[in-house]
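Residue strings, one per chain:
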Amino acid sequence: MDDAVKLRAFSVQDAQWLVQKHAELYARDEGFDDTFGPLVATVVDDFLKNHDPACERGWIAQKNGDPLGSIFCVRGQEGMAKLRLFFLIPEARGFGLGQHLLDTCMGFAHDAGYPGMRLWTHESHTAACALYAQSGWRCIQSKPVHSFGQNLVEQTWEILF
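These remarks concern the structure in this document. (Residues numbered from 1 in each chain as written. Predicted model: local features only at pLDDT ≥ 70, side-chain atom pairs only at ≥ 80, totals over all residues. Heavy atoms only, no water.)

## A few points about the packing of aromatic side chains
Ring pairs (aromatic) are described by centroid distance and by the angle formed between their planes.
Here comes step 1: The final tally for this structure, using the stated rule, is 15 aromatic pairs.
Here comes step 2: With centroids separated by 6.2 Å and ring planes inclined at 50°, the aromatic side chains of F86 and Y132 adopt a geometry described as tilted. Taken as a pair, F86 in strand β4 (residues 81-88) and Y132 in helix α4 (residues 126-134) lie far apart in primary sequence, 46 residues in all. The pair F86 / Y132 is uniform in exposure class, with both members buried. (Phe/Tyr/Trp six-rings, centres within 6.5 Å; stacked < 30°, edge-to-face > 60°. Helix = DSSP H or I, 4+ residues; strand = E, 2+ residues; numbered from the N terminus. Buried < 20%, exposed > 50% of the residue type's maximum accessible area, 1.4 Å probe, protein only.)

## Here we look at the nonpolar core
Here comes step 1: If you look at the biggest cluster of nonpolar residues, it comprises 50 residues, and the most contacted ones within it are C73, L83, L102, M117 and W137.
Here comes step 2: Here this core gets seven residues from one element, more than from any other, and that element is helix α3 (residues 97-111).
Here comes step 3: The residues contacting L102, other than those within four sequence positions of it, are I71, L83, F86, L131, Y132, S135 and W137. (Core = buried A, V, L, I, M, F, W, Y, C linked by side-chain atoms within 4.5 Å. Contact = heavy atoms within 4.5 Å.)

## Some remarks on the pattern of salt bridges
It is possible for side chains bearing opposite charge to pair when their charged atoms get close.
Here comes step 1: One pass over the full model with this rule turns up eight salt bridges.
Here comes step 2: Two residues, R138 and E158, come together in a salt bridge whose shortest N-O distance is 3.5 Å. Residue R138 is located in strand β6 (residues 138-147), and its partner E158 is located in strand β7 (residues 150-160); the two are separated by 20 residues in the primary sequence.
Here comes step 3: For E158, a relative accessible area of 9% translates into the label buried.
Here comes step 4: Note that E154 is salt-bridged to K143, the shortest N-O span being 3.9 Å. Note that E154 is positioned in strand β7 and K143 in strand β6, a separation of eleven residues in sequence. (Salt bridge = Lys/Arg side-chain N within 4 Å of Asp/Glu carboxyl O.)

## Some details on the environment of H125
Here comes step 1: The topology assignment puts H125 in the loop between β5 (116-122) and α4.
Here comes step 2: Taking the C-alpha atoms as reference points, H125 and L39, 86 residues apart in sequence, are found 18 Å from one another.
Here comes step 3: A polar atom in the side chain of H125 sits 3.0 Å from the side chain of T121. (Polar contact = N/O pair within 3.5 Å; in protein donor to acceptor, adjacent residues only side chain to side chain.)

Okay, here's the thing in structure tokens:
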């Protein structure tokens, strides 16, 4: 990973960029419709209004002040942590930054006392799914859905600490 890349805490100033980039890139790369951006905005707004810093955190990866991606750890169901908003702009992929973000988030969840983590994704996100599998996660559920204007296979992944 590039030494110039730094992780910092997510802040309210990042919200617009995060929502916009998610909506733009998922529309371009996955064909998602205009319902995806508002979902991301809801997740971001909820985090900003309600997160507990002792057990929930968001990070922004940046280089020279420019944001490259994000990852969040929030309280999930059944006492588990939930990984959310894991995202890298295409130019930042393939250099180990995704692994660094994932390791940081998992380390925080572990240290915060969660017994494990879950996440929700789509089967079409092959690089991310490969990263999860290589990091010890396992797919615990897979089902066809119609979301964001697309026929997708929704997956739930889990890792226990």
